Amino acid sequence: MSKLIDPREGVRVLLMGNEAIVRGALEAGVNVAAGYPGTPSSEIVQNLADVAGERNLYVEWSVNEKVAMEVAAAASFAKLRSLCAMKQNGVNVASDFLLHLTAAGTRGGMVLVTCDDPGALSSVNEGESRHFARMVEVPLLEPGDFQEAKDMTKWAFELSEEIRNLVVLRSVTRMSHASGNVTLGKLSDARPKAEFKYDGFILDPLEGPVVSAPVPYKHTLQQEKLKRVREIFETSPFNTYAGPEKPELLVVTSSACTLYSREAIDILGVKDRVGLLKLGTTWPLPPELLKKRLAAADRVLVVEEVIPFLEENVKILAAETAREIGAKTFFGKNDGTLPSIGELNPDLIAAAIAKILGIDHVAMPPDYEKKATLMSFAKAPNRELTFCPGCPHRASFWAIHHALLMDNRLGFVCGDIGCYSMAALPCGFSTLKTLHAMGSGAGVASGFGQLHRFGMEQPAMTVCGDSTFFASVMPALVNAIHHRADLTVVVLDNSGTAMTGFQPHPGLKVNAMGGDVPALDIAGICAAMGAKVEVRDPFQLEETRGTLIRLLDQKGVKVLIMRQMCALSPEKRAKKKYEVRVDEALCLGETCGCNRLCTRVFRCPGLVWDKERKKARVDEVLCAGCGVCALICPAGAIRKEEVA
Amino acid sequence: MGTQTLPKDPFNIIITGVGGQGNVLASRVLANMLVHRGYDVTIGETFGASQRGGSVMSHIRVSARGAWSPQIPRGKADMVVSLEPVEAIRVMKDYGNEEVRILVNDRPIYPVGVIAGELNYPAQDEIAGALTDLSRHVWFIDATEEAIRLGNPILGNVIMIGAACGLGILPVGRAEFAEVMKESLAADKLEINLTAFDLGAAKSAAAA
Amino acid sequence: MEMTIMGQKELQERVHRAQLCTGCGACVNLCPYQVFYQDQTIVLDACDIKEGRCFAFCPRTPADLEAMRGRFFAPGDLTPEIGAVKGYLIARAADATIRRGAQHGGTVSALMALALAEGLIDTAIVAEGADRFLQQGVAVGDGAEVLKRGKSRFIAAATVAAFNRAAKGPAEAIGVVATPCQVFALAKMRMKPLPERDNNIDKLKLVIGLFCGWALDWRKFTALLAARTALEDITGMDIPQGRRLVVIYTRNGDIEIPWDEVAPIAREACGVCIDTTAEFADLSVGSARIGEPWETTRTWNQVIVRTEAGQALIDLARRKGVLEFRESPAGALDELKAAARDKKKASLEKIIARTGSPEDLIYMDRRDPVIRAILD
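Draft legend 1. Layout of the overall build of chain B. Within chain B, the secondary structure is distributed over eight helices and six strands. The C-alpha atoms of chain B give a radius of gyration of 16 Å, which matches the 17 Å a tight globule of 208 residues would have. By its C-alpha atoms, chain B is 50 × 40 × 35 Å across when sized along the principal axes. Looking at chain B as a whole, 63% of its 208 residues are labelled buried. Within chain B, contacts between residues separated by at least 24 positions form 66% of all contacts whose residues are at least 6 apart in sequence. Taken as two groups, the 18 positive and 23 negative side-chain charges of chain B have centres that lie 4 Å from each other.

Draft legend 2. Local environment of the sheet that holds strand β10 (residues 234-238) of chain C. Residue and element names in this part refer to chain C. Pairing in this open sheet of three strands is antiparallel, and the strands run β10-β11-β12 from one edge to the other. The sheet is open, and its two borders are formed by β10 and β12 (253-258), each paired with just one other strand. Direction aside, the axes of adjacent strands within the sheet are offset by 20° on average. Summarising the sheet, β10 and strand β11 (residues 245-250) pair through four bridges and their orientation is antiparallel.

Draft legend 3. Summary view of the packing of helix α7 (residues 146-163) of chain A against helix α9 (residues 215-234) of chain A. All names here are of chain A. One way to put it is that α7 packs onto α9 with a least axis distance of 10 Å and a crossing angle of 140°. With respect to α9, the axis of α7 lies oblique. Crossing handedness for the pair α7 and α9: right-handed. Of the residues in α9, those touching α7 at W155, L159, E162 and I163 are K225, R228, V229, I232 and F233. In terms of residue class, the contact of α7 with α9 is built from six nonpolar, no polar and three charged.

Draft legend 4. Inspection of the pattern of salt bridges at higher detail. Residues and elements named next belong to chain A. Evaluation of the coordinates by the stated rule reveals 80 salt bridges over all chains. D6 is the salt-bridge partner of R8, the closest N and O atoms lying 2.8 Å from each other. The partner of E142 in a salt bridge is R170, with the nearest N and O atoms 2.9 Å apart. Note that E142 is positioned in the loop between β6 (140-141) and α7 and R170 in strand β7 (residues 167-172), a separation of 28 residues in sequence. The class for E142 is buried, based on a relative accessible area of 0%.

Draft legend 5. Representation of the interface of chain A and chain B. Counting residues at the interface gives 58 residues for chain A, matched by 64 residues for chain B. Carbon and sulfur atoms supply 55% of the area that chain A and chain B bury against each other, a total of about 5200 Å² over both sides. In this assembly, chain A and chain B are joined by eight salt bridges. E84 of chain B is paired through a salt bridge with R383 of chain A; the nearest N and O atoms lie 3.0 Å apart. Inspection of the chain A/chain B interface yields 26 residue pairs in polar contact (both at pLDDT 80 or more). Sorting the residues of the side of chain A that touches chain B by element identifies β1 (12-16), β8 (179-183), α10 (257-268), α14 (346-357), α15 (366-379), α22 (597-602) and β22 (607-610) of chain A as the ones contributing at least two each.

Draft legend 6. Broad picture of the interface of chain A and chain C. On the side of chain C, 19 residues touch chain A, which itself brings 21 residues to the contact. Note on chain A versus chain C: buried area summed over both sides is about 1600 Å², and carbon and sulfur give 56% of it. Linking chain A with chain C are zero salt bridges, by the criterion used here. Taken together, the elements giving at least two residues each to the side of chain A that touches chain C come down to α16 (392-407), α20 (541-552) and α22 of chain A. For the side of chain A that touches chain C, the element with the highest residue contribution is α16 of chain A, accounting for five residues.

Draft legend 7. Region of the structure containing the side chain of R81 of chain A. Residue and element names in this part refer to chain A. Assignment of secondary structure puts R81 in the loop between α4 (65-77) and β4 (82-87). Classification of R81 as buried rests on a relative accessible area of 16%. Filtering out sequence-adjacent residues up to four positions away, R81 remains in contact with A28, G29, V30, N31, V32, G109, F157, E158 and E161.

Draft legend 8. Broad picture of the packing of aromatic side chains. On inspection of all chains with the given rule, the structure shows 16 aromatic pairs over all chains. With 6.3 Å between their ring centres and 50° between their planes, W155 of chain A and F233 of chain A make a pair best called tilted. A residue pair is termed long-range when its members are at least 10 positions apart, and W155 of chain A in helix α7 and F233 of chain A in helix α9 qualify at 78 residues. In this structure, W155 of chain A and F233 of chain A share a single accessibility class: buried. Taken together, a centroid distance of 6.4 Å and an interplanar angle of 5° make the contact between F387 of chain A and F397 of chain A stacked. On the criterion of sequence distance, the pair formed by F387 of chain A in the loop between α15 and α16 and F397 of chain A in helix α16 is long-range, its members being ten residues apart. By relative accessible area, F387 of chain A is classed as buried at 1%. Following the ring pairs from residue to residue traces out a cluster consisting of F72, F73, F184 and F280 of chain C. R394 of chain A extends its terminal NZ or CZ atom over the ring of F602 of chain A, reaching a point 6.0 Å from the ring centre. The cationic tip of R596 of chain A hangs over the ring face of W609 of chain A; the distance from NZ or CZ to the ring centre is 5.3 Å.

Draft legend 9. View of helix α7 (residues 174-184) of chain B. Of the positions making up α7 of chain B, those classed as buried are E176, F177, A178, V180 and M181 of chain B. Contacts from the buried residues of α7 of chain B go to α1 (23-36), α6 (155-166) and α8 (187-207) of chain B.

Calculation rules
Residues numbered from 1 in each chain as written. Chains lettered and ligands numbered in written order. Predicted model: local features only at pLDDT ≥ 70, side-chain atom pairs only at ≥ 80, totals over all residues. Heavy atoms only, no water. Helix = DSSP H or I, 4+ residues; strand = E, 2+ residues; numbered from the N terminus. Rg over C-alpha atoms; globule rule 2.2 N^0.38 Å. Buried < 20%, exposed > 50% of the residue type's maximum accessible area, 1.4 Å probe, protein only. Contact = heavy atoms within 4.5 Å. Lys, Arg positive; Asp, Glu negative; His and termini not counted. Charge placed at Lys NZ, Arg CZ, Asp CG, Glu CD. Pairing = 2+ DSSP bridges. Axes fitted to C-alpha atoms, helices over the stretch in contact; angles between N-to-C directions. Parallel < 35°, antiparallel > 145°, perpendicular 65-115°, else oblique. Left-handed = near helix turned anticlockwise from the far one by under 90°. Nonpolar A, V, L, I, M, F, W, Y, C, P; charged D, E, K, R; others polar. Salt bridge = Lys/Arg side-chain N within 4 Å of Asp/Glu carboxyl O. Buried area = accessible area lost by both parts, 1.4 Å probe. Polar contact = N/O pair within 3.5 Å; in protein donor to acceptor, adjacent residues only side chain to side chain. Phe/Tyr/Trp six-rings, centres within 6.5 Å; stacked < 30°, edge-to-face > 60°. Lys NZ or Arg CZ within 6 Å of the ring centre and 35° of its normal.

Now the structure itself:
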C-alpha cells in the first residue's frame, strides 16, 4: 500500500517533497486535482492520480495549465477542496485566469502548488513564480523542509477557506525532488457534496455569481483579505527564528535555502553570532515579526532563489519602518554578495556569511581542489545528453535536417519543449534554431511564414510533440492557416508526454486515473482546420525525407505527423523488434566512404566505436532493436533480423 | 554488523551513477533502512534531463539532528557508493576529501562521446590510480558481474548497498535491509535480494 | 598552387561555395555525406577526413595536368587548344533511326551501343531526363536503352555520381558518356590519387566525351521555359549553327529563345571552364561544322580520336558499318581549335578577374604549358 495513504497517524516515513505535498493535500481532504506535466511538479498530480480510486478523488492531466487551474477552480466554486500543480512556466500559461480567479475569489479551499526550477536543472529558463502571488494579491507559502511541505499544504486549504481565495504554495526542485523524514498526520474522511450556488446576491461570496466585477468592490475585498492574512502570518509556526537575540548578522531566508542556510551556519560554527529568520509565509510579509528581528541586527543577509523577490520586499518594509528599526546594511543579490542566477547551496551561503563576518573559510583545501579538478577533467569524460537508443526523434531529425539541406533554401526549424528540445544539440543534429515556451515553435514559425513579402525565401518549419500539440500548438496552427502562412509543421507523435515521465494526454485512450477515454485524432483535427496533412513512420527514413522535401516545396500550412512510439513506453520496452549486429567484414569504419557515420554522426548510444578493432559494434544491452542504423550504413554492414 | 551511532553528524553519503542504473532506487532503499533505525535522512537528487544519458547523483544526509541541505557541502562527502567507475572521480571533484570511503562498481558505462570515438574512457588502473590519489579508502566491487551471475544486472545496486553496510561504519545492516525489502517486494524476490546484499557485504568486509 | 589532397571542408569552401561546382557528381556516391539534388551538390553532414576522395576527384581542385596528359596520351598527339588529336573525323550513325533519336549525328549513341553489343563494356552510364525537367546519370545494360537517351537538355546530370554507384555494384566493365568536367574527374580518378581507397576505377573501360560550352542553371532555365510552354511538351532542344538562339522543339512547334536570354543563365562555374572538347576522353564528339545548310549539318558529328582505345572503337565501328563517314572540310579542325582557344582565354581571364592576380588561377597551375601557351 502506498505510504501516501498509510492511515497510521504519527508514523515517520521518508517522503519526497512532492509526496509530502500530496500527503498534506490528502490530510486536508482534497477532492479534485488537475495539472499539466512539468518537472519538478509532475509527481504531485501523478501520485494523487494513483490513489484517486482509494481516496475518491478526481484527478486530471489537463490539456494545459490554464485549463488545469480552471478545472480545479470549478471544484472550489462547488465547495470542494481542490489543488492544481505545475512548474513555474505553467503559472505563466495560467496567469490570465489566475488574475481573474483571485479577483473573484474562491469557495472550497484551493491551493496552487508551483514548483520552480532554480538553476534550470530541467528547464530552459529559471523563471520565478513567486511574483505572481504579489501581483495577484494572494498569500504565498514556501515550505522550508519536508515536514513543512506536508503541514503547510494541509494548512493552506484551511487558510484558503478562511479568506475565500487561492493560496499559492511554492516549492523548488531541491524541495520537490529531495526527500526527508515526515511524520504522518490523519487522513481526512470528509466527503463533501459538490454544489454550485449562484443565485444569491451578486456580492455574496458563497452564494452569488463568481465574477471579478464590480472591480473596485472586489479588488478592495481582495486587499482586505490580504490584511487579514498578514495578521495570521504574524503568529504562524512556519516562521521561525534561531540564534542570539542580538545577532551580528541576521539571515532572512525561505524555501530550500532554509536548509542551505542552516547548514552554512553549522559549517562556520557561527550559530551564536548569526540569527536565522526562516520565513514560511513570504507574501504578504508579517511586518511586526520582521520589524522585531530587523531591529535587533544592523546587518541583514537575504538568502533566496532566484531573483531578489524576498530581498526587495524586506527592503521596502525596512525603508517604510526605518525610523522605528534604524538603518540597515543589506546583503544579498542586489549588492552581489550572492549570485542572481542559478541555485544556491550551503557553500555559497557560507562564503557570503564568512565574507560579511570577516571569517576565513575554505571549503576544500586548494591543493586538493586543484588535484581533484584536474583528475575529473582528465579522467571523467563528459556525459552529453542524447536521445535514448531507439528514440524516434533521432530518426525524425535525421530526415528533417537532411530534407532542409536538400531543399537548399536555408530553411530552419523553430523548436518546442519536450525531449525533442534536445534537437538543438548534436544528438539531434543541431536542427532547432529557435526554442522558447510550449507551443511557441508554431507561433514563431507562423510569423516567419509571412515574411516572404519582405524577400525571405527560407522555408520555416516547426516541430512539436503530441502532448504539446494539444497543450498550446492548436491556436498557433489556426493562426497560421487563417492568415495563410507558409509553414511546415511536424508533429512528433510518440504516444505520450515522454520527457516528464510518460504521462497521458488527450491523444491517448487512457487518462491519469487509468480510465478509458476517447482519444482525439491529431490528423483529423489538423485536416479539419484546413491544413494539408500526411502521416509517416520516422523509422522509414527515406520515405519520410522524401515526403518532407515535397511538402517544403508547397505553399500554405502542411502538417506531417511522424508517428512512432517512444522507446521508453511499456510496449516498446517489452520487446525488441530487431536483433541488430555489425558485420565487421563489411564495416568501413574510419575510411573515406564512411568515417564512422553511425557512431560519429548518428550517435545512437546502442552503437559503440571499438578503437582497438577499428570497427563499429552494437551494444546488445543498450540497443533497443529499432533497426534504423541498418538503413544508414553506407556499406550495408549493419544487419537487422526480425525477432520472432 | 553496523555501529549504533553515526561516525559524524550529519554523515554524508553519495550514491552516484548514470541515469537508468537504478541510482534513485538504491538511495531510497538505503535511506529507508536508516529511517527504520530512527535517523533523520535528507536525500537530494537530480532527475529530469539527467536521465537521458547524463550523470545522476543522490546525496544522502544521515543525522540525529533533523533535516539538512539536500546538497552536501563542498568537500564533505563521507562515503561514495559509485555504480559506475568514472562517476566516482566526478563526484570527488566537488565533494571529495582524503577520508572518503569510496566503493566503486567496476563496470563502465560509456558516455556517448566515448562510443562516438571522440572522448577517452580511462582504463581501470587509471581510474584506480586517480581515486587512490584522492582518498585513502577505495574499494572496487565487481557488482554487475556478480549480479549477472545471480541472474539480473539490477541486483548490482543491492550488492553495492550490501558493500556499503559491510564496511561497518553505517549504523544499519542486513536486518534493516530485510525490513525495508519486505515492505516493497514480493516474498519470492526477497531471497535473491538478501543473497545479493550478503555478497556485497562480504566483499567489503573482506577488503576493508 | 599546392597539390595537397584535402577534405570535405575545403571542398565546400573552395569549390561548392566558391561557385566553381559544375555538378559533375564526382564527390557523390563515394560516401553518405554528399548528394546531388535539384541541380546542386549538397553536403548532408560534416566529414573530418583530412584527405578525401571527394576533394581528390573534384575537377575543380588542383591537378597536375602535364602528368595526366603524359599518362593517357601520346606526346606527339597533343595540341594546346583541344588536347590530344590522334585523328579527326566527320561521322554519323549509319542507321537513320538512331540519328533521329539523337541530338545530332547519333555517333555517341551508336558507339556506346556497339561497345555494349561487342561486350567491350557491360554497363553504359548516360544522362537521362528525370522528373521536373532535371537530368540524372543512369546505368544501362543494353544498346536499346542507350538509344532512348540520345537527346540533350543542357542541364547538368551528375553522371560521375552514377559511375560511382555502378562501380560499387556487379558491373565489371563500364563506359561513360560525359561532359568535359565529368571526363576530367574520371581522368583524375584514373590517376588513383588515394590508392588505398579508389572507387573501383579500374572498371572504367571507355570514356566518350561531349563538346560542351556550358550547362544551364536548372531553376532559371525551367522558369524561362515554363513561361513559354508546358515542360512535358518539350521533345528536344538545339543551338543551330550560325544563329544566336536556342531552339526548343515542342509537340506544338518550335520555340526560339534569343541568345541574350539564355547566356546569363549558364551555371556560373561554366564561365571559367577551359575545356570545351573533353580533352581527357578516349573520343570526343560534338556537332559538326561542315559548311552545309543546317538541315544537313545537324545530322553529322565531328569526332576527335585521342587514345588507342578510342581508335580501336572507331575502327570497329567502321568495320561493322555502324558509323558512316565523310571528308572533313578544309579548315574545320582549325576552326575548332580557334573556338576552343578563344574559350580558354576568356575563361582564364575571368579567373584572373576573380582572383585579382594573373598568377593566381585558383585550382590551375599558371606554369602549365598549355595555360602558358594561351596566356603568354
